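# Topology and contacts: notes
As a plain string of letters, each chain reads:
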Amino acid sequence: DKDFVIPDICIENKSNEWIVMLNDSSLPEARISKYYIDIYKTNKDDKKIKDFLSKKIESAKWFIEALRERDNTIKKVVLAIIDFQSSYLESSGTDLKPMILKDIADKINMDISTVSRVTSSKYIQFPWGVKHMKSLFSEGIKTESGEEISSITVKNIIKKIINDEDKKNPVLDEDITKKLNRDGY
């Protein structure tokens, strides 16, 4: 029994431009019921009903606006990630740059906690697969040449070495370290 992830955000490349779409098709559209607006309009003379419905309609408008703002924040964060991780997108998911929450927060002038909240529970559908947004964030490791690469890139190299090893004669940790050092890590 496998669990399937439904991505919250879909990213497509159309005419060399990355397009961000929120995947909220399963959610109903938030709107104020015509029924309650009609009651409000037909009972303008009844102060109690008018005041009650007026408050409820204002609350609904505020809630709808908050949903729109949430969607705008998600898009802002994703667009900043796309801009920051252009090499990752162009390499079909192999060339991940080191990126921390602060990088994105600074880029879009938002609080780190907001970026963290947006990225901690969302999945993105890239053309090559679905990724948890948090997996795009990593610390950097300096190479011998002074370039900074993602710690995830180094972990993937180590994972490949281990997957390719002869299981009867596994590669020693020291040999993995030597290989990484020879390759400039």
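We now turn to the structure provided with this report. (Residues numbered from 1 in each chain as written. Predicted model: local features only at pLDDT ≥ 70, side-chain atom pairs only at ≥ 80, totals over all residues. Heavy atoms only, no water.)

### Points about the overall build of the protein chain
Along the protein chain, the regular secondary structure elements total 7 helices and 6 strands. When its C-alpha atoms are laid out on the principal axes, the protein chain stretches across 85 × 40 × 35 Å. Here the protein chain holds 185 residues, and the buried ones make up 26% of them. Within the protein chain, contacts between residues separated by at least 24 positions form 51% of all contacts whose residues are at least 6 apart in sequence. Approximately 13100 Å² of the protein chain is accessible, and the part contributed by carbon and sulfur atoms is 51%. A distance of 7 Å separates the average location of the 32 positive side-chain charges in the protein chain from that of its 32 negative side-chain charges. (Helix = DSSP H or I, 4+ residues; strand = E, 2+ residues; numbered from the N terminus. Buried < 20%, exposed > 50% of the residue type's maximum accessible area, 1.4 Å probe, protein only. Contact = heavy atoms within 4.5 Å. Areas by Shrake-Rupley, 256 points an atom, 1.4 Å probe, with all protein chains shown as cover. Lys, Arg positive; Asp, Glu negative; His and termini not counted. Charge placed at Lys NZ, Arg CZ, Asp CG, Glu CD.)

### Focus on the environment of Glu144
Tracing the backbone through its elements, the reader meets Glu144 in the loop between strand S5 (140-142) and strand S6 (148-150). For Glu144, a relative accessible area of 67% gives the class exposed. On a C-alpha basis, the gap between Glu144 and Val154 in space is 14 Å, while along the polypeptide they are 10 residues apart. Excluding residues within four positions of it along the chain, Glu144 makes contact with Asn181 and Gly184.

By themselves, these observations are geometric and do not establish any function.
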